[in-house]
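# Understanding the architecture of this molecule
The residues making up each chain are set out below.
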Amino acid sequence: MTAIHPQPRPHSRVRWRTPITMVILLGILAGGGWWGWKSLMNSSAEATCTEQKLANNRLVPKQVVLNVYNGGARAGSAGRVADVLKKRGFNVSKIANEPKGDKTDVVALRGASETAPEMLLVAGQLNQKAVMIADGRTDHTVDLVIGAGFGSVKLKGIPSVQVPAGSTVCLPVVHTPQPIPSGQNPG
């Protein structure tokens, strides 16, 4: 005879591992989003320009940060123009091909506004009339984009630009390279 044994009943256990894991992951995601938002809103990035009153109400080249870009001119043209403007006292930050890839017929200036004193000072160095492009930048740097039709800079550009008496001008922060102490690897 065969003995009939009762079959064990399946356990009706609730599986909690998946929902608990999901709640923990959602908590981590929400915490990361909150931390990212707070970091973005409380950024401690340094100022891109500082409001200053100018001596004698004049803006001079040493107070202007300039980027010189080749927008269709011969290779090396941006470097030659930058060298001349460096000798006049401008702080040349970048010398490169036009980063957006735009081509310029003659010459273009990009900056905070078309009437910004830094734009007028750079325009006063050029033989040709530049296309003035206001892009609303907050750091008050100027981009000089030279094209195939660009001739040269003036032999003697304007030394300064008059600003209204008592007004302040936002001058770019000029970063000077720091010497590397002996025995330290620069890279």
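Residues numbered from 1 in each chain as written. Predicted model: local features only at pLDDT ≥ 70, side-chain atom pairs only at ≥ 80, totals over all residues. Heavy atoms only, no water.

## Examining the overall build of the protein chain
For the protein chain, the helix and strand inventory stands at three helices and nine strands. Traced from its N-terminal end to its C-terminal end, the protein chain shows the element sequence α-β-β-β-α-β-β-α-β-β-β-β. A burial count over the protein chain gives 30% of its 187 residues as buried. Summarising the internal contacts of the protein chain: among those between residues at least 6 apart in sequence, 79% fall at separations of at least 24. Total accessible area computed for the protein chain in this model is approximately 13200 Å², and 59% of it derives from carbon and sulfur atoms. (Helix = DSSP H or I, 4+ residues; strand = E, 2+ residues; numbered from the N terminus. Buried < 20%, exposed > 50% of the residue type's maximum accessible area, 1.4 Å probe, protein only. Contact = heavy atoms within 4.5 Å. Areas by Shrake-Rupley, 256 points an atom, 1.4 Å probe, with all protein chains shown as cover.)

## As for the sheet that holds strand S3 (residues 65-70)
Across the sheet, five strands lie side by side as S4-S3-S7-S5-S6; this open sheet has mixed pairing. Each edge of the open sheet carries a strand with a single partner, namely strand S4 (91-97) and strand S6 (131-134). Neighbour to neighbour, the strand axes of the sheet diverge by 20 degrees on average, direction disregarded. Sheet topology places S3 next to S4; six bridges connect them, and they run parallel. Directly across from leucine 66, in S4, lies its bridge partner valine 92. (Pairing = 2+ DSSP bridges. Axes fitted to C-alpha atoms, helices over the stretch in contact; angles between N-to-C directions.)

## Considering the pairing of S6
Regular strands have side chains that alternate between both faces of the sheet. By the bridge criterion, four bridges tie strand S5 (residues 107-111) to S6 in an arrangement that is parallel. Bridging from a neighbouring strand, leucine 109 pairs with methionine 132 of S6. Read from S5 through helix H3 (residues 117-123) to S6, the crossover connection turns out right-handed. (Right-handed = clockwise from strand over helix to strand, strands pointing away.)

## Considering the nonpolar core
If you look at soluble globular proteins, the nonpolar side chains tend to sit buried side by side. Leu66, Val68, Val81, Leu109, Leu126, Leu144 and Ile146 are the most contacted members of the largest nonpolar core, which totals 29 residues. Every element with two or more residues in this core is listed here: S3, helix H2 (77-87), S5, H3, strand S7 (142-146) and strand S9 (168-172). Sort the elements by how many residues they give to this core and H2 lands first, with four residues. Setting aside residues up to four positions removed in sequence, leucine 109 forms contacts with Met119, Val122, Ala123, Leu126, Ala130, Val131, Met132, Ile133, Val142, Asp143 and Leu144. (Core = buried A, V, L, I, M, F, W, Y, C linked by side-chain atoms within 4.5 Å.)

## Observations concerning the environment of aspartate 102
Topologically, aspartate 102 is positioned in the loop between S4 and S5. Remark: the alpha-carbon pair of aspartate 102 and glycine 72, spanning 30 residues in sequence, is separated by 8.3 Å.

## As for the pattern of salt bridges
Per the stated rule, a full pass over the model turns up four salt bridges. Two residues, arginine 137 and aspartate 135, come together in a salt bridge whose shortest N-O distance is 2.6 Å. Arginine 137 is the partner of aspartate 143 in a salt bridge, and the nearest nitrogen-oxygen pair spans 2.9 Å. Owing to a relative accessible area of 6%, aspartate 143 belongs among the buried residues under this scheme. Through salt bridges with shared partners, a single network forms among Glu98, Arg110, Asp135, Arg137 and Asp143. (Salt bridge = Lys/Arg side-chain N within 4 Å of Asp/Glu carboxyl O.)

## So, H2
Since one α-helical turn is 3.6 residues long, residues separated by three or four positions face the same way. Among all positions in H2, only Ser77, Ala78, Val81, Ala82 and Leu85 are buried. What you see down the axis of H2 is that its buried residues fit within an arc of 125 degrees, all on one side. Next to the buried residues of H2 lie S3, S4 and S7. Downstream of H2 by one or two residues, glycine 89 has phi in the positive range, about 110 degrees. (Arc of directions from axis to C-beta.)

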